[in-house]
Amino acid sequence: MRLEICTWPDEVLEAKAEPITEITPELEELIENMVETMYESDGVGLAAPQVNKSIRLICVDQTGPKERGDLRVLINPEIVECDGEVESEEGCLSCPELNLKVKRKERVKVKALNRVGEKICVETDGFLSIILQHEIDHLDGVTLADRAGRLKKAMYRKKAMRWK
C-alpha cells in the first residue's frame, strides 16, 4: 500500500525518531509499504518519519528509482565512522521542488539491523553514502530545507505554506 509522504514543515519531520526495540509483523508491513512508496514516488531513499512514523527505519536503493536492484532496509542505523568531504545536488520527497547543493562526508560506515533483526555494517562511498546520510538526517529531525541558507529557506517556507 502506498503511504502518504509528509512534507516540510510537518512536525514529524522535525522530531528525533525513536529506536525500534522489536521486529513485529506491523513493522514488516510498514517496511513493505515504505519500499512500495519509495519506488512509486521515484525515490532512492525513504525514512519512516517521512510517512508519519517517528521510528528509526530507512529503506534505500541506490539503483532506483527505475532499476530496483539494491534494496537495503536499515533499522536503527547509526553512522559510526566517516571521512572526506563531497558536495552533491540533492532533492527530497518531503521537500518537493527544492534542490540544494549539500556538503556530506565522502565515506561512511553505518551499523544497523536488517529487516530480520541481524546486525549489519555498510561501508560505502559515492551515491550510497550520500543517500544514507540524507535518510539518517531524517531520523534526527533534519530535512533538506534545514540545510538551506536563511533566505532560500524563507522563500521555500512561503511556497510550502501555499501548498498546505
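Heads up: the structure comes first, above all this text.
Now for a quick tour of the structure.

**Observations regarding the overall build of the protein chain**
Scanning the protein chain from N- to C-terminus turns up 3 helices and 7 strands. Moving toward the C terminus, one meets the helices and strands of the protein chain in the order α-β-β-β-β-β-β-β-α-α. Relative to the compact-globule value of 15 Å for 164 residues, the protein chain shows a C-alpha radius of gyration of 15 Å, a close match. Looking at the protein chain alone, contacts between residues at least 24 apart form 63% of all its contacts between residues at least 6 apart. For the protein chain, the accessible area works out to roughly 8900 Å², and carbon and sulfur atoms hold 47% of it. With 25 positive and 32 negative side-chain charges, the protein chain shows a separation of 7 Å between the mean positions of the two kinds.

**What to know about the layout of surface pockets**
The space that makes up the largest pocket amounts to roughly 270 Å³. Together, 16 residues line the largest pocket, and V44, E90, G91, C92 and H134 are the ones closest to its centre. Every element with two or more residues in the lining of the largest pocket is listed here: strand 4 (86-90) and helix 2 (126-139). If one sorts the elements of the lining of the largest pocket by residue count, helix 2 sits on top with 5 residues. The residue inventory of the lining of the largest pocket, partitioned by class, reads 6 nonpolar, 6 polar and 4 charged.

**Examining empty space enclosed by the protein**
Following the criterion strictly, the structure yields 1 cavity of 30 Å³ or more and no others. Here the largest cavity is characterised by a volume of approximately 40 Å³. Forming the boundary of the largest cavity are R104, H134, D137, H138, V142, T143, L144 and R147. When residues of the lining of the largest cavity are assigned to their parent elements, the largest contribution, 3 residues, is made by helix 2. Tallied by class, residues from the lining of the largest cavity come to 2 nonpolar, 3 polar and 3 charged.

**With respect to the pattern of salt bridges**
The final tally for this structure, using the stated rule, is 14 salt bridges. E90 is paired through a salt bridge with R104; the nearest N and O atoms lie 2.9 Å apart. Of this pair, E90 sits in strand 4 while R104 sits in strand 5 (residues 100-104); the two residues are 14 residues apart in sequence, bridging distant segments of the chain. The same class applies to E90 and to R104, which are both buried.

**Examining the sheet that holds strand 7 (residues 119-125)**
Taking strand neighbours across the sheet as the criterion, the 5 strands line up as 1-2-3-6-7 in an open arrangement whose pairing is antiparallel. Edge strands, defined here as strands with exactly one partner in the open sheet, are strand 1 (45-47) and strand 7. Looking at each pair of strands side by side, their axes are set apart by 40° on average, direction ignored. Across 7 bridges, the pairing between strand 6 (residues 107-113) and strand 7 is antiparallel. Within strand 7, the position partnered with V108 by the bridge is T124. Set on the sheet, helix 1 (residues 25-40) makes contact with strand 1, strand 2 (57-61) and strand 3 (71-83); between it and strand 2 the angle comes to about 40°.

**Quick look at the nonpolar core**
Membership of the largest hydrophobic core comes to 16 residues, with the highest contact counts inside it found for L27, L30, M34, L57 and C59. Sequence-distant contacts of L57, defined by excluding residues within four places in its chain, comprise I20, L27, L30, I31, M34, L46, A47, A48, V73, L74, I75 and L139.

**Observations concerning the environment of C59**
Within the fold, C59 resides in strand 2. Between the C-alpha atom of C59 and that of V44, which follows or precedes it by 15 residues, the distance is 8.3 Å. Sequence-distant contacts of C59, that is, excluding residues within four places in its chain, are made with M34, V35, M38, V44, G45, L46, L71, R72 and V73.

Basis of the calculations
Residues numbered from 1 in each chain as written. Predicted model: local features only at pLDDT ≥ 70, side-chain atom pairs only at ≥ 80, totals over all residues. Heavy atoms only, no water. Helix = DSSP H or I, 4+ residues; strand = E, 2+ residues; numbered from the N terminus. Rg over C-alpha atoms; globule rule 2.2 N^0.38 Å. Contact = heavy atoms within 4.5 Å. Areas by Shrake-Rupley, 256 points an atom, 1.4 Å probe, with all protein chains shown as cover. Lys, Arg positive; Asp, Glu negative; His and termini not counted. Charge placed at Lys NZ, Arg CZ, Asp CG, Glu CD. 1 Å grid on protein atoms, 1.4 Å probe; cavity = no way out; pocket = protein on both sides within 12 Å on 5 of 7 lines; lining within 4 Å. Points joined across faces, edges and corners; volume = space filled by probe spheres on them. Nonpolar A, V, L, I, M, F, W, Y, C, P; charged D, E, K, R; others polar. Salt bridge = Lys/Arg side-chain N within 4 Å of Asp/Glu carboxyl O. Buried < 20%, exposed > 50% of the residue type's maximum accessible area, 1.4 Å probe, protein only. Pairing = 2+ DSSP bridges. Axes fitted to C-alpha atoms, helices over the stretch in contact; angles between N-to-C directions. Core = buried A, V, L, I, M, F, W, Y, C linked by side-chain atoms within 4.5 Å.

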